[in-house]
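# Overview (structure and organization)
Okay, here's what each chain looks like letter by letter:
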Amino acid sequence: MSRRPIAISDSKNFYVSAERVFDTSLKNVPVIVLSNNDGCAVARSDEAKALGIKMGDPLHLIRDKVEAHGIRVFSSNYTLYADLSRRVVDTYADFTPSVDIYSIDESFLDFHGFKNREAHARAMRAAVLRRVGIPVRVGIASSKTLAKCANEIAKKNPIFDGVLDMMDEELARWLLPKVPVGDIWGIGRQTERKLRAIGIGTAAELRDMPLRQARKLGTVVLERTVLELQGEPCLSLEEVEPQRKGMAVTRSASAPMMDFDTLFQAITAHATRAAEKLRQHSLVAGTLTVIFHTNKHRPDRPQWSSARSTKLTPMSSDTFDLVEAARRCARAGWPKDEKPYGFSKAGVLLDDLLPLEDRPRTLFDAMRPKSAELMCALDMVNDRFGKKTMVLASEGMERSWALRADHRSPRYTTRISELPVIR
């Protein structure tokens, strides 16, 4: 039986590449992008990697290196990154009948039926670069795990020029012995240690591992990885996004939240965003949980952690319903003593999600007949005039808890006021 080719295309240093699309002065210079609250490096250009900047390096520990080498520093610009990611995926859709989005910078693609897969992949890469400005690399194989291996090899070996078709079994037999077992998709550090302890250090050695031994060492998950390395697809392409079972909106605060009003401003913002996401996916939630906690890395400060849940009856995506439920949970979890707690993170979790049309009906549905129209109007205002144009009063205006983003670039593609100006 012929095996169906699967490709994976990923964006090179995606956050950095996104910053370079609109700022040509960043080309060939070291660039890093920081995590939430400008904490640590989460994306690095090749030039920054060559200078020894590691993933997760805290900014305050590498400031001397940043200044000495002129490293350009940016805050995460998720609005820009998400829009460019969407444009990349839209381009993929012109080259494949099926796109399975794996992450913001990676997608699996159905390459079945194309006679010259390598030429097709190169045409797709050129189209993405021309239309969006993002460089991508493509790996092709008969399973997702093998495609990931091909993609990793294409990244690290310039002889493949960004594309590797590993459907050829002879080529796979030559390349897999060169792939460290720790680089295989789904192999974590603990599993890697177990495998190396029994003499398995490469993808080829893992491929040849007896299935019964693989299941005993790493459960059915490792057994599937072995089968995938043998070219047997165990992970199918998700042509239709699976229904979400849960949703979370959590954020670290830029400064400790010392009083309930400040904390609840943040929780209101998170509940509002969660409600927007529900409506975008035509879902309703049955359970809401509010979490907040202090900084565990500050043992000199009093510690507190809270997670309180409540049922939403009726199930809802209404912002007012979610914020009111969040207030009850936050109030129930607030400490009763007078210690100077400084809460560093808060969030809202939603569970028991259902499509809007499948929600169970209750007598309470008739109590607010205009709820859907009100939420539609709220979303339309914020879509037309920009996010946070209209918010609940309990979210506040100063937002002292908001994420720090001192180095954020303009949101070129989604904010008219931030469009680049040619003089």
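Throughout this document, residue positions are counted from 1 along each chain, in the order its sequence is written. Note on the predicted model: pLDDT of at least 70 is required for a residue's local features to be given, and 80 or more for side-chain atom pairs to be given and counted; whole-chain, interface and lining totals, by contrast, use all residues. The basis for every side-chain value is the complete set of heavy atoms in the structure, and neither hydrogens nor water enter the calculation.

### Looking at the packing of helix H1 (residues 14-22) against helix H4 (residues 78-92)
Packed helix pairs are specified by the crossing angle of their axes together with the interaxial distance, meaning the distance between the axes. Orientation is described by axes fitted as lines to C-alpha atoms, over the contacting stretch for helices, and by angles from 0 to 180 degrees between their N-to-C directions. A run of H or I in DSSP becomes a helix once it reaches four residues, and a run of E becomes a strand once it reaches two; helices and strands are each numbered from the N terminus. Where H1 meets H4, the closest approach of the two axes is 10 Å, and the angle between their N-to-C directions is 90°. Classified by the angle their axes make, H1 and H4 are roughly perpendicular. For the pair H1 and H4, contact is made by Phe14, Tyr15, Ala18, Glu19, Val21 and Phe22 and by Tyr78, Leu80, Tyr81, Leu84 and Ser85, respectively. Split by residue class, the contact of H1 with H4 holds nine nonpolar, one polar and one charged. Angle categories are assigned with fixed cut-offs, so that under 35 degrees is roughly parallel, over 145 is roughly antiparallel, 65 to 115 is roughly perpendicular, and the rest are oblique. Throughout, a residue-residue contact means that at least one pair of heavy atoms, one from each residue, lies within 4.5 Å. Note on residue classes: Ala, Val, Leu, Ile, Met, Phe, Trp, Tyr, Cys and Pro are nonpolar, Asp, Glu, Lys and Arg are charged, and everything else, Gly too, is polar.

### Side note on the sheet that holds strand E2 (residues 31-34)
Pairing between strands requires that DSSP locate at least two bridges from one strand to the other. Taken in spatial order, the three strands line up as E3-E2-E4 in an open sheet, and their pairing is mixed. The open sheet terminates on both sides in strands that have one partner only, identified here as strand E3 (41-44) and strand E4 (72-74). The mean angle between the axes of side-by-side strands here comes to 25°, regardless of whether they run parallel or antiparallel. Bridge count between E2 and E4: three bridges; the pairing is parallel. The residue bridging isoleucine 32 from the neighbouring strand is valine 73, located in E4. Across the sheet, H1 lies against E2, E3 and E4, angled at about 110° from E2, the strand it touches most.

### A look at the confidence of the model for the protein chain
Averaged over every residue, the pLDDT of the protein chain is 90; residues scoring 70 or more account for 95%. Confidence, expressed as mean pLDDT per element, reaches its minimum in the protein chain at helix H13 (residues 371-385) with 86 and its maximum at helix H5 (residues 117-131) with 97. A residue's pLDDT is the predictor's confidence in that residue, given on a scale from 0 to 100.

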